[in-house]
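Take a look at the letters that make up each chain.
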Amino acid sequence: MGKTVVLTCGYNGGETLLCKHGKNLPPPLFLAPEAPYWASLVCDWSFNLTEAQITWKNIFLTKKEKNSPTIAALEDVADRPASLMAGDNSEFDKILLQPGVVCRVATAGVSTFFVTSIRSFSDNGTAMVRGIYTFSGTKSKWFHLPHPYERLRKIVWTIIDSRKTSPMLYAIDEVMSCLKITLGENSADCVTVPQLADVKMLDLVAGREHVLFLTLDGKIFSLGLSSRGQLGHGNLDAAEVPVLITAFDGIVIKQVAAGGWTSMALTDQGLVFVWGWNSAGALGFPNRACREQPGYMPKHGADPAAEMVELLAEPTNLPLLEKISSISCGERHAGAVSVTGKVFLWGLNQHGQLGLGDTTNRDYPVLLNTLAIRDLHVSRLFCGEWATVLLLPASLEDTNNGQDRLESSN
Amino acid sequence: MNDESRHCLCIPATPEDLPIKILDVNIVGNHVAGQFAVLFQQTLDFSTDASLALSRAETLLLYAWQELNTGKWSDVNFNWHKLYAAVSWLKAVATFRCRTTGESSTPPEVWLDIIKICDMGHLMGGDVWEGILLRTISAAEAKISELSPAVFAEPQRKKRTETVTICDVLHPIEELDRPSLAHFQAAFLRLKRPLMLKGILETWPALSKWSPEYVRSICGSRTVPVELGKRYTDEDWGQELMTISAFIDKYIYMLDNPDKKIAYLAQHDLLSQAPLLRDDISMPDYIAFAGDDDPDMNAWFGPEGTVSPLHHDPKDNFLCQVFGEKYVRLYEESESEKVYPHESTMLFNTSQVDVEDPDLERFPKFAEAVFSDCILRPEKLAG
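Note that the structure is predicted; figures quoted are calculated from it, not measured.

Caption draft 1: Structural context of the overall build of chain B. A count of helices and strands for chain B gives 13 helices and ten strands. Each principal axis of the C-alpha atoms in chain B carries an extent, and together these give about 70 × 50 × 50 Å. The buried share of chain B, reckoned over its 383 residues, is 45%. Taking as baseline every contact in chain B between residues at least 6 positions apart, the subset at least 24 positions apart corresponds to 70%. With the model as given, the accessible surface of chain B reaches about 20,200 Å², and the carbon-plus-sulfur share is 52%. In chain B, 37 positive and 59 negative side-chain charges are present, and the distance between their average locations comes to 1 Å.

Caption draft 2: The UniProt feature "repeat: RCC" (unreviewed entry) in chain A, seen in detail. All names here are of chain A. Per the UniProt record, "repeat: RCC" (unreviewed entry) is annotated on residues 218–269, 270–340 and 341–394. Between the first and last C-alpha atoms of residues 218–269 the distance is 12 Å; the span itself is 0% helix and 44% strand. Taken end to end, residues 270–340 is 6% helix and 35% strand, and its two terminal C-alpha atoms sit 12 Å from one another.

Caption draft 3: Focus on the sheet that holds strand β25 (residues 343–347) of chain A. Residue and element names in this part refer to chain A. Taken in spatial order, the four strands of this open sheet run β23-β24-β25-β26, and their pairing is antiparallel. The open sheet has two free edges, formed respectively by β23 (324–329) and β26 (362–367), since each of these has just one partner strand. Direction aside, neighbouring strands of the sheet carry axes that sit 15° apart on average.

Caption draft 4: Quick peek at unusual backbone geometry. Omega for the peptide link from A:His147 to A:Pro148 comes to 0°, which places this bond in the cis form. Following the sequence through the fold, A:Pro148 ends up in the loop between β10 (139–143) and β11 (151–158). One non-glycine residue, B:Trp129, lies in the positive phi region at around 50°. As for its position among the elements, B:Trp129 is in the loop between α5 (108–125) and α6 (132–147). On the basis of relative accessibility, which here comes to 9%, the residue B:Trp129 falls in the buried class. Phi at B:Tyr340 is positive, roughly 50°, even though this residue is not glycine. On the secondary structure map, B:Tyr340 appears in the loop between β8 (326–331) and β9 (371–376).

Caption draft 5: View of the packing of aromatic side chains. Within this structure, the stated rule accounts for 20 aromatic pairs over all chains. Ring geometry for A:Tyr296 against A:Tyr364: centres 6.5 Å apart, planes inclined by 80°, an arrangement best described as edge-to-face. Within this pair, whereas A:Tyr296 is found in the loop between α2 (288–291) and β22 (311–317), its partner A:Tyr364 is found in strand β26, the two being separated by 68 residues in sequence. Each member of the pair A:Tyr296 and A:Tyr364 is classed as buried. An angle of 40° between the planes, with centres 5.7 Å apart, marks the rings of B:Tyr331 and B:Phe366 as tilted. Separated by 35 residues along the polypeptide, B:Tyr331 in strand β8 and B:Phe366 in the loop between β8 and β9 bring together distant segments of the chain. Counting every residue linked through ring pairs, the aromatic cluster contains B:Phe36, B:Phe40, B:Trp89 and B:Trp129. A cation over a ring is seen here: A:Arg228 above A:Trp277, with NZ or CZ 4.0 Å from the ring centre. For the cation-ring pair, B:Arg329 lies above B:Phe371, with the distance from its terminal atom to the ring centre recorded as 3.8 Å.

Caption draft 6: The arrangement of the sheet that holds strand β18 (residues 239–244) of chain A in detail. Residues and elements named next belong to chain A. Judged by pairing direction, the sheet is antiparallel, and its four strands sit side by side in the order β15-β16-β17-β18 without closing on themselves. With partners counted over all chains shown, the strands left at the sheet margins are β15 (201–206) and β18, one partner each. With direction set aside, neighbouring strand axes in the sheet form an average angle of 15°. Bridge count between strand β17 (residues 220–224) and β18: three bridges; the pairing is antiparallel. Bridge pairing links Gly 224 to Ala 239 in β18.

Caption draft 7: Representation of the domain arrangement of chain B in the model. Residue and element names in this part refer to chain B. Annotation of chain B at the domain level lists domain 1 (3–147) and domain 2 (175–382). For domain 1 and domain 2, the distance between their C-alpha centres works out to 33 Å. Between domain 1 and domain 2, the contact holds ten residues from the first and ten residues from the second. In this assembly, domain 1 packs against domain 2 so that about 800 Å² is buried in total across both faces, 60% of it on carbon and sulfur atoms. Area buried by domain 1 at its contact with domain 2 is led by Asp 119, Leu 123 and Glu 141, which between them contribute 48% of it. Applying the counting rule to domain 1 against domain 2 returns one salt bridge.

Caption draft 8: A look at the packing of helix α2 (residues 25–44) of chain B against helix α3 (residues 50–68) of chain B. Residues and elements named next belong to chain B. It is at 9 Å that the axes of α2 and α3 come closest, and there the two elements cross at 145°. Here α2 runs over α3; the crossing is left-handed. Of α3, the residues touching α2 (which contributes Val 32, Gln 35, Phe 36, Val 38, Leu 39, Gln 42 and Thr 43) are Leu 52, Ala 53, Arg 56, Ala 57, Leu 60 and Tyr 63. Taken together, the residues of the contact of α2 with α3 sort by class into nine nonpolar, three polar and one charged.

Caption draft 9: Fine view of the pattern of salt bridges. Residue and element names in this part refer to chain B. The tally for this structure, following the rule as stated, stands at 23 salt bridges over all chains. Linking Arg 216 and Glu 213 is a salt bridge whose minimum nitrogen-to-oxygen distance equals 3.1 Å. You can see Arg 216 and its partner Glu 213 sitting in helix α9 (residues 212–219), three residues apart, about one turn around the helix. Classification of Glu 213 by relative accessible area gives buried; the value is 12%. In this structure, the salt-bridge partner of Lys 338 is Glu 335, at a minimum N-O distance of 3.5 Å.

Caption draft 10: Representation of the packing of α5(B) against α6(B). Residue and element names in this part refer to chain B. Packing of α5 against α6 brings their axes to within 9 Å, and their N-to-C directions diverge by 160°. Compared by their axis directions, α5 and α6 come out roughly antiparallel. As for the relative orientation of α5 and α6, their crossing is left-handed in sense. Touching Pro 108, Trp 111, Leu 112, Ile 114, Ile 115, Cys 118, Asp 119, Gly 121 and His 122 of α5 are Leu 133, Leu 134, Thr 136, Ile 137, Ala 140, Glu 141, Lys 143, Ile 144 and Leu 147, all from α6.

Caption draft 11: Fine view of the confidence of the model for chain B. Residue and element names in this part refer to chain B. Taken over all residues, the pLDDT of chain B has a mean of 86, while the share at 70 or more is 92%. Within chain B, helix α4 (residues 78–99) carries the highest mean pLDDT (95), whereas strand β10 (residues 380–382) carries the lowest (55). This complex was scored by the predictor with a pTM of 0.80 and an ipTM of 0.79.

Caption draft 12: Here's a closer look at α9(B). Judged by how many residues are buried, α9(B) sits mostly within the fold: six of eight residues are covered. Every buried residue of α9(B) is listed here: B:Pro212, B:Glu213, B:Tyr214, B:Val215, B:Ile218 and B:Cys219.

What counts and how
Residues numbered from 1 in each chain as written. Chains lettered and ligands numbered in written order. Predicted model: local features only at pLDDT ≥ 70, side-chain atom pairs only at ≥ 80, totals over all residues. Heavy atoms only, no water. Helix = DSSP H or I, 4+ residues; strand = E, 2+ residues; numbered from the N terminus. Buried < 20%, exposed > 50% of the residue type's maximum accessible area, 1.4 Å probe, protein only. Contact = heavy atoms within 4.5 Å. Areas by Shrake-Rupley, 256 points an atom, 1.4 Å probe, with all protein chains shown as cover. Lys, Arg positive; Asp, Glu negative; His and termini not counted. Charge placed at Lys NZ, Arg CZ, Asp CG, Glu CD. UniProt positions renumbered as here; feature names shortened; annotations may be inferred. Pairing = 2+ DSSP bridges. Axes fitted to C-alpha atoms, helices over the stretch in contact; angles between N-to-C directions. Phe/Tyr/Trp six-rings, centres within 6.5 Å; stacked < 30°, edge-to-face > 60°. Lys NZ or Arg CZ within 6 Å of the ring centre and 35° of its normal. Domains from an automatic or database assignment. Buried area = accessible area lost by both parts, 1.4 Å probe. Salt bridge = Lys/Arg side-chain N within 4 Å of Asp/Glu carboxyl O. Left-handed = near helix turned anticlockwise from the far one by under 90°. Nonpolar A, V, L, I, M, F, W, Y, C, P; charged D, E, K, R; others polar. Parallel < 35°, antiparallel > 145°, perpendicular 65-115°, else oblique. pLDDT = per-residue confidence, 0-100.

Next up, the structure:
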């Protein structure tokens, strides 16, 4: 498949935020180029990325001082898509390193880590799931998935539902139906979601208070809280079941992403729509608090009388200079990659997650144009809570894709 | 750091006196608990780099802030409030260490920033370690007075030479001078009838002391949430944080406010934030008698022309007017349908009708709605 270059910036787990330049800014870092191809990568706020050792088959990211693996060891999956998220609970380490067990993990909120332990991947991209393992602080529990739901394509969860603080879990099963999962005493109860009984699901994504459902024919449904309009129905009312976002009638959506309190959609024409909370400029629209930051530089040619946007309850087009091929949302920042491999980022930048060399939030999309990234063609972008990861496929002629240039610019 | 600064920041003689295990690891998780422990150590160990502690504090505040903004505020686990409050105090100490060089005297601006940081902690998180945030604020305020004694303007009480009527009173609420508790209970509380009580606030020092300048002298440097815009039902309504001093200048005195924009310090627990103000009032017996020995206490402070839209509250109210005048109109519960409450989940307790200028085409029944009203002036208590 060829080598992949991975660039990252943002929060690195709190151990050291000082970079070589002596300022309190992590510049875009550089990982070893020998990663197998990554279909998707999402990282959480404690994505520990200091000394990275990536080999063909096993991916370990180690903490500098502990020198123990802190995220999933994927064994024998070099030719399989893998979904990885990082956590740092020590119990979690033990599960992941059991031989023969491949794990897909995610954090939802803070206290509870949900892990779906995956036995193997099948040809059609589903995973054989052992069950859902939850652990929080000192407590842990296994929930087994009943037949025929041991094979899933994806699972998402968010902590808040509209009435009580219990997790909302939704999944896409082997045949692309949408499931709602309820955790019982020791087992998980799976039912097909009635509102989506007749549709095939392409993707599910979740924010802190809401879930977005993308169907195969390009429609989006949403449920959860709409405290900042993140459901996209034009009001702030919660929805307990998936409700179609009618604003997209006649438009085909090919990708969705969700931030903490934001939603984003990419159409088949390469247009980006955003809605939800514009705190810190997370939607890429003018934000008053952003403008009041010391050292804030307005967008070149920006209209000084532009209206400030606090939230958008309806999907709104975010104008970007180019046609977009993929999108991703972090907690309060977001990014888009164009069909020509250019990267645009906007939103919260407290930990340098926009890769611009400073920590000022941006309330408008900025083209990532630093020396490290100029002229490089980015294929995909993933936003973690407070970090951003860029994948650059190495070209056939230039096997290190400018690695020399990156090293000399540091 | 010298002893005087330590005392002002409320740092105990031995840091071990501050219990570090104030968070439930089952709620906040191992990583947050671990980061908090590191922050605590780094902040109070003066040999370490304070800027590292400061950035770690910012990160933990961000984390807690995210949790405080998820779901309903009332459902948020109290550990997140504790974390926010505790980290705010640690951030204040780390800020002091970063901004103070050697033995030279710390300028008042640093103490003002410390007050701001602690106020944010108190607003979002309450308090922790036996009220350390409010104690630190108190000490910082004293320090500022010492460094730059404020010149207090003579309290200016605008004495009206004539009574200016805000609005005509059409169906006066009954007035009684210090009724007996029994009569109050039987004739009003139990029957949910409104009453204007006279003579109750005569003993309040607030009545002679309170003025904008007095409030500024007590708590001018404190940060409060202010509502911008005339009514919370208006489209351009919003909330902003500012110091009380800034609020008084811009919205009470209308300085640097050419459009005469309206803002309201509304429904804010000012008396908990500034306990010295609390000393100027006392709880009327009628409130305890009504069955609540720990009532919510909120303050409303604003210029002429502020309006609270027609709404109902889940609890009974005792509204005390300390200075200025307020027109109050009350509708009984039986009139609910005629005042057209909003149907949305957010504003279900608020009427859609603009009482000052009702749209009778959209809301015809409003013309028949029965109400009682009054103008509250100091020395009357409407209950």
